[in-house]
Amino acid sequence: MRMRHALAAVAAAVSVAAVTTGPAQAAEYSSALKVKGVQYDAPGTDSNRCSGGNAKNEYLTIKNYSRTAKVNLKGYVVKDAAGNKYTFTANHTLEPGDYVKLRGGNGTNSDAGNVVYRQNCNFIWNNDKDTIYLIKPGGARADVHSYTKRANDADGNGYINYHG
C-alpha cells in the first residue's frame, strides 16, 4: 500500500514538473490585455530604412479582452526573445474590447486610429521564430507566445492570430 502511495506521489511530482518547466504560453496568465496577433514578417522585401522601408508593416495587435475594465497601456512592455523591447511611456487607454496596433517605424500615435509607433525603423520580430512577451507595469507577464514560421503560419502570409 505504501509503495502505491509513493509511486502516486512521484507521478504527481513529475506531472507538476513537466507542466512548470514547459514553454510559457498565454493560458497561464490572467490578464485583460492579450496579444491578439502579430504580423511578424512584413509583406515585401524587408527594409528598415526610415524613408521608404516597410518596418511600419510589421505590427503587434494588443487587445483588451475585458468586458468591463478599461486598461491604460502606460508602463506595459513588449519584448522579444533577444530582449529588444518597447515600453508604452504615454497614456493610451483601451476600452473593453478595444485594441491597439504597435507598429514599427516612425509615425504619429493615435488613440482614435488605435495605433502606436515604436519610433524605431528596425524590425523587432524574427521572420523564422521568436517569442513575444507582453509585460505588465509591475513586471508580471500578461501574455507570452512563441512561434515558428513553419509550425504557426500555415498559409505563409507572415501573420499569426492568437486570441480571436
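In short, a report on the structure. (Residues numbered from 1 in each chain as written. Predicted model: local features only at pLDDT ≥ 70, side-chain atom pairs only at ≥ 80, totals over all residues. Heavy atoms only, no water.)

## Quick look at the pairing of strand 9 (residues 129–135)
A regular strand places its side chains so that they alternate between the two faces of the sheet. Counting buried positions along strand 9 gives six out of seven residues, so the element sits mostly inside the fold. As paired strands, strand 9 and strand 10 (residues 141–148) are joined by seven bridges and run antiparallel to one another. Its bridge partner lying in strand 10, Tyr-133 is registered against Val-144. In this antiparallel pair of consecutive strands, strand 9 and strand 10, the connection spans five residues, and Gly-139 shows a positive phi of 105°. (Buried < 20%, exposed > 50% of the residue type's maximum accessible area, 1.4 Å probe, protein only. Helix = DSSP H or I, 4+ residues; strand = E, 2+ residues; numbered from the N terminus. Pairing = 2+ DSSP bridges.)

## A word on the state of the cysteines
The final tally for this structure, using the stated rule, is one disulfide. Across the disulfide, Cys-50 is cross-linked to Cys-121 (sulfur-sulfur distance 2.1 Å). Handedness here is read from the sign of the S-S torsion; for Cys-50 and Cys-121, about 120°, the answer is right-handed. Separated by 71 residues along the polypeptide, Cys-50 in the loop between strand 1 (33–39) and strand 2 (59–64) and Cys-121 in the loop between strand 8 (115–117) and strand 9 bring together distant segments of the chain. Relative accessible area serves as the criterion here: at 56%, Cys-50 is assigned to the exposed category. (Disulfide = S-S within 2.5 Å.)

## Some points on the sheet that holds strand 10
The sheet built from four strands is open, its strands ordered 5-4-9-10 with antiparallel pairing. Of all the strands in the sheet, the pair left with one neighbour each is strand 5 (85–87) and strand 10. Strand-to-strand twist across the sheet, computed as the mean angle between neighbouring axes with direction ignored, equals 10°. Here strand 4 (residues 77–79) pairs with strand 5 via three bridges, running antiparallel. Bridge pairing links Lys-79 to Lys-85 in strand 5. (Axes fitted to C-alpha atoms, helices over the stretch in contact; angles between N-to-C directions.)

## Thoughts on the side chain of Lys-63
Relative to the helices and strands, Lys-63 resides in strand 2. For the buried residue Lys-63, which engages in no salt bridge, the nearest side chain bearing the opposite charge is Asp-98, 8.8 Å off. (Lys, Arg positive; Asp, Glu negative; His and termini not counted. Salt bridge = Lys/Arg side-chain N within 4 Å of Asp/Glu carboxyl O.)

## Observations regarding unusual backbone geometry
Phi is positive for Asn-114, close to 55°, though the residue is something other than glycine. Along the chain, Asn-114 falls in the loop between strand 7 (99–103) and strand 8. Look at Gln-119: it is not a glycine, yet its phi comes out positive at around 55°. For Gln-119, a relative accessible area of 42% puts it in the partly exposed group.

## Focus: the sheet that holds strand 2
One open sheet accounts for five strands, arranged 8-7-2-1-11; its pairing is mixed. Each end of this open sheet is capped by a strand with a single partner; those strands are strand 8 and strand 11 (159–161). The sheet shows a mean angle of 25° between the axes of neighbouring strands, taken without regard to direction. Where strand 1 and strand 11 come together, three bridges link them in antiparallel fashion. Each residue of the ladder has a partner; that of Gly-37, found in strand 11, is Asn-161.

Purely geometric numbers; function is a separate question.
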